[in-house]
There are 2 protein chains.
Amino acid sequence: MTVEFICVGTEILLGSIVNTNAAYLSEKCAALGLSCYYQTVVGDNEERLTFVLKMAMERSDIVILSGGLGPTEDDLTKEAAANVCGRALKMHEPSKLAIERFFAERGTTPTDNNWKQAMLPEGAIVMENRNGTAPGMIIEADSARLILLPGPPRELIAMFEESVEPYLAKLTNQVICSKTVKICGVGESRAETMVKDLIDAQQNPTIATYAKSGEVHIRVTANGEDKKAALKLVKPVVKELKSRFGNAVYSTEEDITLEKAVAELLSANKLTVTCAESCTGGMLSARLVSVPGISDVYKTGVITYSNKAKRRLLGVKKSTLQKEGAVSAKTAEEMAKGAALTFKADAAVSITGIAGPDGGTEEKPVGLVYIACYVKGNVIVKKYQFTGTRDMVREASASAALSLLRECILEYYSKVTFGKEE
Amino acid sequence: MTVEFICVGTEILLGSIVNTNAAYLSEKCAALGLSCYYQTVVGDNEERLTFVLKMAMERSDIVILSGGLGPTEDDLTKEAAANVCGRALKMHEPSKLAIERFFAERGTTPTDNNWKQAMLPEGAIVMENRNGTAPGMIIEADSARLILLPGPPRELIAMFEESVEPYLAKLTNQVICSKTVKICGVGESRAETMVKDLIDAQQNPTIATYAKSGEVHIRVTANGEDKKAALKLVKPVVKELKSRFGNAVYSTEEDITLEKAVAELLSANKLTVTCAESCTGGMLSARLVSVPGISDVYKTGVITYSNKAKRRLLGVKKSTLQKEGAVSAKTAEEMAKGAALTFKADAAVSITGIAGPDGGTEEKPVGLVYIACYVKGNVIVKKYQFTGTRDMVREASASAALSLLRECILEYYSKVTFGKEE
C-alpha cells in the first residue's frame, strides 16, 4: 500500500520553517509498512493545491495532507479536498461545540472565522484536535483515502498518534513496536561494527543506530499483526544487543536519559555525588540537575576554572599544578578527591581539559581531557582525546564523565558483591 | 522568475533525516526574489525522478535538485538530468583531478566508484565541491535551468554560497544582504508588537522575528542590484530597530551570542564575574565558559543546590532560609553578595527557583525564579515567572540571568559616567 504527503504552507516554501512534519509522517508510515515515493510542498493556492492533490490521488492509495486547516481565508486545504472528492461542506455540530469549549477554557470567545473550521466535508471521518481548533478528517474517496491534518507539529503529532495511526494500522493490518537500546562509553564506529551483521541481515525487525554525544542508540522496530506479535520479534534482538554490549547498555526505556540512569544508580546505592569542573564549566552538573528529584543525591558542585580556584576550593596542590599542569591526570585526581572530601560526598567526578580553540600545544593538544572519578575512596582517572569545536569537546567530556561515573559505581558494587560471595 | 526544488533521497522518504536543504534553499531563493510554488521529494528511482523532473521543468524557470550525486549505483540524479536534457555524460578532467586531490589530502585512494562522480553532462557549468567529492553542475536546457547540488548540507550550503548564489544573482539581477538585530530581555510578543507596523509594511527589506530562549532576533533582509544598494535598504531599518529597542539590542553581528556579548562587556570593563546557581545547576556558568578566552573574567562558580551548600559556600543566613525560603528574593540576594565576597569577584549572579515538575505550591508555583545580580557593591533582585518543562524553566532562567547581568553592568557604568559628567 502506498502513501504520499502534501504539506501545504507558503511559510514552508519561503523557508521560514523547516518541514519536520514530513519527516515525522515518513517515519511513522514507513514503520507501518506503507511505501512512500513522493512528498510535495505547495503553497496556500487552490489551483496548485488541486493540481498536486489530483496527481497524488492517481498514484497513491493514501494521501496525507498537513496544514491549511486554519480559520483564515488563506486556509483552503479542506475546501480543495472536498472539491476534488465532490463532497459539500456542512456544519459539523460536535466540532462547533469543541471550538466553543476550546475558547471557553481559555477565557476567550471565538471570532466569526473560527466557525469555518467546523465546516467539514460530508461523510468525512472527523478527528478531534485536543491541542487546537482545527479538527482533522479522513475522506474515503473512490481513488484514494485523504487524511487532512493541522499544520502545527504539536497538533499534528497528537492527532496522528491518537487517530491516524490506529486507522492506518487497521488498513495495513500491522502494528509497530520499537525498543531503543541505549549505550554509553562505546564509540559510534565500534558500536556499528559490533552490530553490522545484524544490520545487514535486517528485515523485520529493522535495526538502526543513532549517534549522539558520547552515546549510541540502537533502535529495533518490528511490525506484526498485533502488539504481541511485533514485540515477539523485537525482544530477541534486544536481548542479543544487551548480551553484545553488556554493562554499556544503560537503558532500554524511552524516557531514561544517561543522566537519569546515573541519578537512579546513585539513588539506588544511596550515594551522594559532587562535580568539580574546569573546561565543561558546569555542563556536567547541569545535566545531573536536569533530573527531577536530584536533590537526594546532588548537593553541591563547583566550577574551578582558574588554578587558584582549584587550589582554594579543592585543595589541589600547588606543586601538582606547577609540575604536571592544570590539564593532567594528577590534577584531575586531586580535584575529584578534594571535591569528595570538601563537600563530604560519597562520589565525585572531576573534568579538566583543553576545549580550544586556543591553548593547545604539541604535548597537550586541543581536545585533551582528563576525567577522574572517586567512589568511596577508590579513584580512577582516564585520559580522552576528543575532536571538534569547543562546544563539541565540552559536550563529549560531560557525557564521558557520566559514563565513567556509572562504570565506577557498577565496578565498585560488583567488587563488593564478589568479595561477599567469596 | 520561478524556482522549484527536487530533493532526491530515499532516506528523506523514510523520515531518517529532516529535509533542511529545502528550507535553506527556499529562504535563499526567496531573498533573491525568486518565486517558489512547489517542492518535491522523490527517492533514488530513475523513473519517478524523471517524471517529477520533467514536470518541474515545464512549470518552473529554474529547478534545483539536491542529493543523488554520490558514487554508488543508487545515485542517479545526474544520469536522469542528463537524459531528460539529451546530454551525454563525459569524463570531466578537472573534476577527476579534484577527486584525486581530495583523497590524497586525506591519505586514502579513491575506489573505482569515485570516478563516476567525474562523469558530467556535456556543456554543463561545473561547480567545485570543497567539502566532498561530488561536483555540482548547472545545465542550461531549453525549457529550464537545472542546478544539481550534493545532498549533505555542509557541501550543499558551501556550494550554494560560492557558486549558485552569484549565478542566480546575475540572472535575477539581485544581490541579497541581511542583518540580524539581536535583542535580550524583551518578551517575544512584546517585541512583535513593537515592530508590527514595520512587518505589516514590509516589502524590501523583509523583516522576520525569531524567538529563542530569552531572546528575540529580528532579521532584516533586502535585495538590490549590488551589495551597496541592498545594504542601503537594510541600514535604516536596523537603525530604526536599534532606536526602538535601545539597550536591549546586544548585537547585530552574526557570530555574537548573548554570552559572548556579556563576556565582552565584562572584559571591556575589566570585571571578574562569578555565578552561584541552584535550579539551573551550572547552565549559566556553562554558557559563559562556552566563550573562548573567558578565563580573564571568569574564575570560579558554584552550584549550591542544597540549603546547606548555600549557607556553607555563600554564607546565606540560616534565618533567611527558614523565614523566606530557599526560593526568595532575600536568598537570591545573599547568594549573589556571598559569591562576590567569597570568590573576590567584581560581579556575581545568582539563580534560585522552582524548576519543577514537583515542588511548587500555590504561593510559590513551578516556574518561580529569583535572580540577583551584584556589580561592585550594587545588588538588584528580580522575580520571574517562567512556564514550560523543567528544562525550559532552567534555560529561560540562565538566559534571563545573562540579560540581567548585562543590564546591571550597563546601568552601573552609565551611572558612573553621568556622575562624572555632572
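Since the structure is predicted, the reported quantities are computational estimates derived from the model, not experimental observations. (Residues numbered from 1 in each chain as written. Chains lettered and ligands numbered in written order. Predicted model: local features only at pLDDT ≥ 70, side-chain atom pairs only at ≥ 80, totals over all residues. Heavy atoms only, no water.)

**What about a positive patch on the surface?**
Here comes step 1: A cluster of basic residues, A:Lys299, A:Lys344, B:Lys308, B:Arg311, B:Arg312 and B:Lys318, forms a positive patch on the protein surface.
Here comes step 2: With 3 residues, helix H11 (residues 307–314) of chain B is the single largest residue contributor to the positive patch.
Here comes step 3: Structurally, A:Lys299 is set in strand S14 (residues 298–304).
Here comes step 4: The class for A:Lys299 is partly exposed, based on a relative accessible area of 32%. (Patch = residues over 30% accessible without salt bridge, like charges linked within 9 Å, V, L, I, M, F, W, Y side chains within 5 Å. Areas by Shrake-Rupley, 256 points an atom, 1.4 Å probe, with all protein chains shown as cover. Salt bridge = Lys/Arg side-chain N within 4 Å of Asp/Glu carboxyl O. Lys, Arg positive; Asp, Glu negative; His and termini not counted. Charge placed at Lys NZ, Arg CZ, Asp CG, Glu CD. Helix = DSSP H or I, 4+ residues; strand = E, 2+ residues; numbered from the N terminus. Buried < 20%, exposed > 50% of the residue type's maximum accessible area, 1.4 Å probe, protein only.)

**Description of the interface of chain B and chain A**
Here comes step 1: If you look at the interface, chain B gives 58 residues, while chain A gives 58 residues.
Here comes step 2: Here chain B packs against chain A, burying approximately 4,300 Å² in sum over the two surfaces, 62% of which is carbon and sulfur.
Here comes step 3: Run the count over chain B and chain A and you get 0 salt bridges.
Here comes step 4: On inspection of chain B and its partner chain A, the count reaches 22 residue pairs in polar contact (both at pLDDT 80 or more).
Here comes step 5: Broken down by secondary-structure element, the contributors of at least two residues to the side of chain B that touches chain A are helix H1 (10–13), helix H2 (20–31), strand S2 (35–42), helix H3 (46–59), helix H10 (283–289), strand S14 (298–304), H11 and helix H14 (390–421) of chain B.
Here comes step 6: Residues of the side of chain B that touches chain A, tallied by class, amount to 30 nonpolar, 19 polar and 9 charged.
Here comes step 7: Across 5 bridges, S14(A) lies against S14(B) in antiparallel orientation. Paired with A:Val302 across the strands is B:Val302, a residue of S14(B). (Contact = heavy atoms within 4.5 Å. Buried area = accessible area lost by both parts, 1.4 Å probe. Polar contact = N/O pair within 3.5 Å; in protein donor to acceptor, adjacent residues only side chain to side chain. Nonpolar A, V, L, I, M, F, W, Y, C, P; charged D, E, K, R; others polar. Pairing = 2+ DSSP bridges.)

**Comments concerning empty space enclosed by the protein**
Here comes step 1: Tallying each qualifying case throughout the model produces 4 cavities of 30 Å³ or more.
Here comes step 2: Its boundaries defined by the atoms lining it, the largest cavity holds a volume of some 70 Å³.
Here comes step 3: The wall of the largest cavity is formed by A:Asn19, A:Ala22, A:Gln39, A:Val41, B:Phe5, B:Cys7, B:Asn19, B:Ala22, B:Gln39, B:Thr40 and B:Val41.
Here comes step 4: Listing elements by their share of the lining of the largest cavity, those giving two or more residues are strand S2 (35–42) of chain A together with strand S1 (2–8) and S2 of chain B.
Here comes step 5: Among the elements that line the lining of the largest cavity, the one with the most residues is S2(B), at 3 residues. (1 Å grid on protein atoms, 1.4 Å probe; cavity = no way out; pocket = protein on both sides within 12 Å on 5 of 7 lines; lining within 4 Å. Points joined across faces, edges and corners; volume = space filled by probe spheres on them.)

**Quick word on the packing of aromatic side chains**
Here comes step 1: According to the stated counting rule, one finds 10 aromatic pairs over all chains in the structure shown.
Here comes step 2: Seen from the ring of B:Trp115, B:Lys96 lies directly overhead, with NZ or CZ sitting 5.6 Å from the centre. (Phe/Tyr/Trp six-rings, centres within 6.5 Å; stacked < 30°, edge-to-face > 60°. Lys NZ or Arg CZ within 6 Å of the ring centre and 35° of its normal.)

**A closer look at the pairing of strand S16 (residues 368–375) of chain B**
All names here are of chain B.
Here comes step 1: S16 sits mainly inside the fold: 8 of its 8 residues count as buried.
Here comes step 2: Side chains Leu368, Tyr370, Ala372 and Tyr374 project from S16 onto one buried face, and the interleaved Val369, Ile371, Cys373 and Val375 project onto a second face that is buried too.
Here comes step 3: Examined bridge by bridge, strand S15 (residues 347–353) and S16 share 7 bridges and lie antiparallel to one another. The partner of alanine 347 across the bridge, within S16, is valine 375.
Here comes step 4: Examined bridge by bridge, S16 and strand S17 (residues 378–385) share 8 bridges and lie antiparallel to one another. In the strand pairing of S17, tyrosine 374 is matched with valine 379.
Here comes step 5: In this structure, the hairpin formed by S16 and S17 is closed by a connection of 2 residues, where lysine 376 is found at a positive phi of approximately 45°.

Just geometry here; none of it tells us what the structure is for.
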